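A look at the structure
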Amino acid sequence: MGQEDNKNQVKLRKGDLIKHWLGGYSQETCYNYERLQALGSTQAIIPVIKRLYKTKEERARALKKYMVFFNTEPSFIGTVIPGIAASMEEQAANGVKVTEDDINSLRTGLMGPMAGIGDTVSQGIVYPILAGIACSLALAGNLAGPILFEVCYKVIMLTCGYTMYMVGYKKGKTAILGFLRAGTLNRVTEIFSIVGLMVIGSMAATRVTIMTPIAFTVGEVGINLQKVLDSLLPSMLPLLAVLAVWKLLAKGKSPTYVIAILFIFGVICSLLGILSIPVTH
Amino acid sequence: MLSAILVAIIATLSTWWVSHAITRTWLYPLWSGFLVALAMGEPIIGMKAAAYIQLTYLGWITAGGTMPGNLMVAGVFGTALTILSGADPILAPTFAVPFSLLGILTWQAYMTLNSFWVHKADKYVAEGNLTGIRMMNWIPSGVLSFVLNGIPAFILVRFGGDYATRALASIPQYLINAFSTVGALMPALGIAMLLMYIGKRKIIAFFFAGYFLTVYLHLDTMAITVFAAIAGVLVYFFTVDNKNEGV
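Residues numbered from 1 in each chain as written. Chains lettered and ligands numbered in written order. Predicted model: local features only at pLDDT ≥ 70, side-chain atom pairs only at ≥ 80, totals over all residues. Heavy atoms only, no water.

With respect to the overall build of chain A
Of the regular secondary structure elements, chain A holds 11 helices and 2 strands. Taken from the N to the C terminus, the helices and strands of chain A come in the order α-α-α-α-α-α-α-α-β-β-α-α-α. The globule rule puts the C-alpha radius of gyration for 281 residues at 19 Å, and the 26 Å found for chain A is more than 25% above it. Overall size of chain A, expressed as C-alpha extent along the three principal axes, is 100 × 35 × 30 Å. A separation threshold of at least 6 residues defines the contact pool for chain A, and within that pool the share at least 24 residues apart is 73%. Carbon and sulfur atoms make up 64% of the accessible area of chain A, which totals about 12,100 Å². Across chain A, the mean location of the 27 positive side-chain charges is 3 Å away from that of the 18 negative side-chain charges. (Helix = DSSP H or I, 4+ residues; strand = E, 2+ residues; numbered from the N terminus. Rg over C-alpha atoms; globule rule 2.2 N^0.38 Å. Contact = heavy atoms within 4.5 Å. Areas by Shrake-Rupley, 256 points an atom, 1.4 Å probe, with all protein chains shown as cover. Lys, Arg positive; Asp, Glu negative; His and termini not counted. Charge placed at Lys NZ, Arg CZ, Asp CG, Glu CD.)

Overview of the layout of surface pockets
Residues and elements named next belong to chain A. Volume-wise, the largest pocket comes out at about 370 Å³. Forming the boundary of the largest pocket are 18 residues, of which Val121, Val126, Ile156, Cys160 and Phe192 lie nearest the centre. Mapped onto the lining of the largest pocket, the elements with two or more residues apiece are α5 (100–139), α6 (144–171) and α8 (184–206). Looking at the lining of the largest pocket residue by residue, the class counts come to 16 nonpolar, 2 polar and no charged. (1 Å grid on protein atoms, 1.4 Å probe; cavity = no way out; pocket = protein on both sides within 12 Å on 5 of 7 lines; lining within 4 Å. Points joined across faces, edges and corners; volume = space filled by probe spheres on them. Nonpolar A, V, L, I, M, F, W, Y, C, P; charged D, E, K, R; others polar.)

Some points on the pattern of salt bridges
All names here are of chain A. Summed over all chains, the structure comprises 7 salt bridges over all chains. Residue Glu90 is joined to Lys11 by a salt bridge in which the shortest nitrogen-to-oxygen separation is 3.9 Å. Of this pair, Glu90 sits in helix α4 (residues 80–93) while Lys11 sits in the segment before α1 (14–23); the two residues are 79 residues apart in sequence, bridging distant segments of the chain. On the basis of relative accessible area, Glu90 is assigned to the buried category, the value being 7%. (Salt bridge = Lys/Arg side-chain N within 4 Å of Asp/Glu carboxyl O. Buried < 20%, exposed > 50% of the residue type's maximum accessible area, 1.4 Å probe, protein only.)

Observations concerning the packing of α4 of chain A against α5 of chain A
Residue and element names in this part refer to chain A. Between α4 and α5, the shortest axis-to-axis distance is 10 Å and the interhelical angle comes to 170°. With respect to α5, the axis of α4 lies roughly antiparallel. Helix-helix and strand crossings are classified by hand; for α4 and α5 the assignment is right-handed. Contacts from Val80, Ile81, Ile84, Ala85, Met88 and Glu89 of α4 reach α5 at Asp102, Ile103, Leu106, Arg107, Leu110, Met111 and Met114. For the contact of α4 with α5, the per-class residue count stands at 10 nonpolar, no polar and 3 charged. (Axes fitted to C-alpha atoms, helices over the stretch in contact; angles between N-to-C directions. Parallel < 35°, antiparallel > 145°, perpendicular 65-115°, else oblique. Left-handed = near helix turned anticlockwise from the far one by under 90°.)

Some points on empty space enclosed by the protein
Residue and element names in this part refer to chain A. Within the structure shown, the criterion is met by 2 cavities of 30 Å³ or more. Put simply, the largest cavity is a space of about 80 Å³. Lining the largest cavity, in full, are His20, Gly24, Gln27, Ser41, Ala44, Ile45, Tyr66, Phe70, Ile81, Pro82, Ala85 and Arg107. Looking at the lining of the largest cavity, the elements with two or more residues in it are α2 (38–52) and α4. By residue class, the composition of the lining of the largest cavity is 7 nonpolar, 4 polar and 1 charged. Counted as a void, the second largest cavity has a volume near 30 Å³. Considering the residues around the second largest cavity, the lining is formed by His20, Trp21, Gly24, Gln27, Pro74, Gly78, Thr79, Pro82 and Tyr165.

Written out as structure tokens, the structure reads:
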């Protein structure tokens, strides 16, 4: 590296960057336990390497460093990493002293934090809010539910992913440090968590559709237990169910264990006539 | 026959993530199940089944290639079986759960066997063979996913119809009721898992705000989202000053 004359500078074109960014969405196509997204990120950066190096040997050497263990959130936030890698590759090809180790230590250093933020944004916020709204529509028989989910999810994903990639490319490693230090992302995450919490609070009231069919008579008066509960607090049983499961999870029980518990509990309560679903759900 | 082929393709792609630009949402039962519903010509029933399955798995986070149950398999197979058997969509989670557990095995097989193609790709990288690298990224993993997910899905849809209908008919009504109750209870898990994830102490009151706005004012999800967004914006601007000005 670094033998090229300053007059023969190779610049990456916009098209190369877009190919690299989009190629990153195939980072998990050959997902595997051994090196996770290694092959995927190598494959993604091919357009960049192709532009910067002309011979097979140079290309092979440049690509080899990407075949190491790599795993991050590749769609929303983690795209900043290939963005930075592209800018470092460009500098290296133009004689700036950037070693393979520089590139890889940066990538492995960022992959954890970016996965943490990216998974929170994508799987902890965007997905549940959209899916929550879409499920409500779908269960009401409205075909707009899943379609809305698909369209909104992809628009948000591609906008975030593209922006982060370009920020990474243009500002290099300083971008991400400033970004993290300002704490803006944490605050934005918190705001979205608030939206998420209100949506799932609403879902706790409407989507857990259990009720009790218990009814008995005291003297002349018939008592319907569900009506009594409703007058105390509507949807009390669904809320209790959610809080009970939350308690189990907080105690460290696995989701699979909770599924088994819910299954046994639901079957027994139904057979004993304690719980049922509303007649028209 | 056509629907069996389409469902096999959906099952293959829901695990073999060709490009997240397309298949990122195929991971989720709501969308993959909806595609199955379209392929099988039962959009409404299938969509409802998919939504019930989705609610069960709402809070399942997959990170670093590990997942507590295979939600791709749960969404595709659970929806297909619900449509095949003609069952009420609320039974879908009960059908989906066994598939999601079996699916852990196929997922582990997929993630383990894919390592071979990476070794093969190492050689192509050393040779500077760019086409070879690309082929290794896409082709063998796709074939593998087709074998692990596509073929079973094809068999289920092509040959499972009669069997599923008969099996459902042989389940007594009191057990159907029991399974429906389980199905109604399952979303509690999805919601509670999200609470684990985003329910930090200082903002947990918003969960109850959403709950009470719904039970007392009967607001729907869209309305809740609007008010939640307003609350979020207010919180953002009312807290930013404290930090910047050191008040």
